[in-house]
Amino acid sequence: MKIAIITLHRVFNYGSVLQTYATQKVFENAGYEVEVIDYITEQRTNRRLFCGVPDFIKQDFVHKSTYLLAKFFSVLIKKKTFGGFLRKNVRLTSKKYITIQDLISNPPKADVYVTGSDQVWNSVYNEGIDRGFFLDF
């Protein structure tokens, strides 16, 4: 039986990455074939990660430039660290999904779908209700 997990796995913190890995391992140890749906979401795309700026400094060129320069190196290091762990240890779908429409138009194939992590329900953090985490595909 194949299980597909959808969660916040591309968040740059140890809790999210380790939660994804641990969930995968629990199902694998129970004898299931497991794949993590590579659902990145729009707010976690490279464009938003590298170019996103808080509203309070958007109009100030000097602060905005300084912020983006510092953020660039920070995001680069985090992408290398957490991305490397995911590539090495987590079985991601070959297709990357960014929006709910991507999931609806070409859903990952599985017998069972699992959604997880406390943050998938957090509409503030996710900038609204993210239907992908509610298995609306």
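Shown above is the structure to which this text applies.
Heads up: these notes are all about the structure in this document. (Residues numbered from 1 in each chain as written. Predicted model: local features only at pLDDT ≥ 70, side-chain atom pairs only at ≥ 80, totals over all residues. Heavy atoms only, no water.)

Turning our eyes to something else, we now look at the overall build of the chain. Counting secondary structure elements, the chain contains four helices and four strands. Written out in order from the N terminus, the α and β elements of the chain read β-α-β-α-α-β-α-β. Expressed as a percentage of its 137 residues, the buried residues of the chain come to 35%. Residue pairs at least 24 apart in sequence account for 73% of intrachain contacts in the chain once pairs closer than 6 positions are excluded. Of the roughly 8300 Å² of accessible surface on the chain, 58% is carried by carbon and sulfur atoms. (Helix = DSSP H or I, 4+ residues; strand = E, 2+ residues; numbered from the N terminus. Buried < 20%, exposed > 50% of the residue type's maximum accessible area, 1.4 Å probe, protein only. Contact = heavy atoms within 4.5 Å. Areas by Shrake-Rupley, 256 points an atom, 1.4 Å probe, with all protein chains shown as cover.)

Quick look at the side chain of Glu28 now. With respect to the helices and strands, Glu28 occurs in helix H1 (residues 14–29). Sequence-distant contacts of Glu28, that is, excluding residues within four places in its chain, are made with Val34 and Arg91.

Under the counting rule described, the total for this entry stands at eight aromatic pairs. Taking the centre distance of 6.1 Å and the plane angle of 20 degrees together, the rings of Phe12 and Phe82 count as stacked. Of this pair, Phe12 sits in the loop between strand E1 (2–7) and H1 while Phe82 sits in helix H3 (residues 61–89), and the two are 70 residues apart along the sequence. Seen from their ring centres, Tyr39 and Phe133 are 5.3 Å apart, and the 70 degrees between their planes marks the pair as edge-to-face. In this pair, Tyr39 sits in strand E2 (residues 33–39) while Phe133 sits in the segment after strand E4 (112–116), placing the two residues 94 residues apart along the sequence. The burial state of Tyr39 is the same as that of Phe133; both residues are buried. Aromatic ring contacts, followed pair by pair, group Phe12, Tyr14 and Phe82 into a single cluster. Over the aromatic face of Tyr97 sits the side chain of Lys95, whose NZ or CZ is 5.2 Å from the ring centroid. (Phe/Tyr/Trp six-rings, centres within 6.5 Å; stacked < 30°, edge-to-face > 60°. Lys NZ or Arg CZ within 6 Å of the ring centre and 35° of its normal.)

Right, let's get into the sheet that holds E4. Taken together, four strands build an open sheet; the order of strands is E3-E2-E1-E4 and the sheet is parallel. Edge positions in the open sheet fall to strand E3 (92–97) and E4, since each of these has one partner strand only. The average undirected angle you get between the axes of adjacent strands in this sheet is 25 degrees. In this structure, E1 lies alongside E2, joined through four bridges in parallel fashion. Within E2, the residue paired with Ile5 across the bridge is Val36. Along the sheet, H1 contacts E1, E2 and E4; its crossing angle with E1, the most-contacted strand, is approximately 165 degrees. (Pairing = 2+ DSSP bridges. Axes fitted to C-alpha atoms, helices over the stretch in contact; angles between N-to-C directions.)

Any functional reading would require information beyond the geometric quantities listed.
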